[in-house]
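# Inside the fold
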Amino acid sequence: MGVEMGMSRNVCGIVGSLFVVGLAACGADPSDAGGGTSNTVRGFVAEWSVSVDAGSAMAGEVNFTIANEGSIGHEFLVVKTDIEVGKIPLDGDHFPEPAEGLEVIDEIGEFPQGTTESLTLMLEPGKYQLVCNLPGHYAAGMHTGFEVL
Ligand SMILES: [Cu+2]
């Protein structure tokens, strides 16, 4: 799975979350799972984005395999929150953990560029954000929405 594919899938996922029709259209094309539902999620972190190849998963065990495609270290947090994507209130250059209105389910701690890490979690239904909360990184765009159905 290439980087460029992951990026396009992420865009599709955002559209799909806004429009049910878009979600169906994305799911219909087997070459583009963006916006689709999968409990085996692949993606990458880089400056300055978090991108995954599925927009949602079914409640239960979800595996995230995340490559650091950037040129510096990043982390990968799975945050359960109803706060709008990208709008978690910051305290300085990052958001506090814990904080009101969000729950950090688990994380891949900072891992080096060029490496891939995996994280398997039991997730309950709800809205999530997949983010990097290193200083300045969330504000720079390292966040994407994810939903557990
Ligand atoms: Cu980062």
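First, a word on what this report is: a plain description of the structure on this page. (Residues numbered from 1 in each chain as written. Predicted model: local features only at pLDDT ≥ 70, side-chain atom pairs only at ≥ 80, totals over all residues.)

### A look at the sheet that holds strand β9 (residues 143-148)
Strand order in the open sheet formed by five strands is β3-β9-β8-β5-β6, with mixed pairing between adjacent strands. Either end of the sheet is taken by a strand with one partner, and the two such strands are β3 (56-57) and β6 (102-111). (Pairing = 2+ DSSP bridges. Helix = DSSP H or I, 4+ residues; strand = E, 2+ residues; numbered from the N terminus.)

### Points about the sheet that holds strand β7 (residues 116-123)
Strands sit in the order β2-β1-β4-β7 across an open sheet of four strands; the sheet is mixed. On the outer flanks of this sheet lie β2 (49-52) and β7, each paired with one strand and no other. Each adjacent strand pair in this sheet contributes to an overall mean axis angle of 25°, direction not counted. As paired strands, strand β1 (residues 40-46) and β2 are joined by four bridges and run antiparallel to one another. Residue pairing for β2: alanine 46 is matched across the bridge by serine 49. (Axes fitted to C-alpha atoms, helices over the stretch in contact; angles between N-to-C directions.)

### Some points on the nonpolar core
The biggest cluster of nonpolar side chains holds 29 residues, and the ones touching the most others in it are Val45, Ile66, Phe76, Leu130, Val131 and Cys132. Among all residues touching valine 131, those that are not within four sequence positions of it are Val50, Leu77, Val79, Tyr138, Met142 and His143. (Core = buried A, V, L, I, M, F, W, Y, C linked by C-beta atoms within 7 Å. Buried ≥ 20, exposed ≤ 12 C-beta atoms within 10 Å, placed from the backbone. Contact = placed C-beta atoms within 7 Å.)

Purely geometric numbers; function is a separate question.
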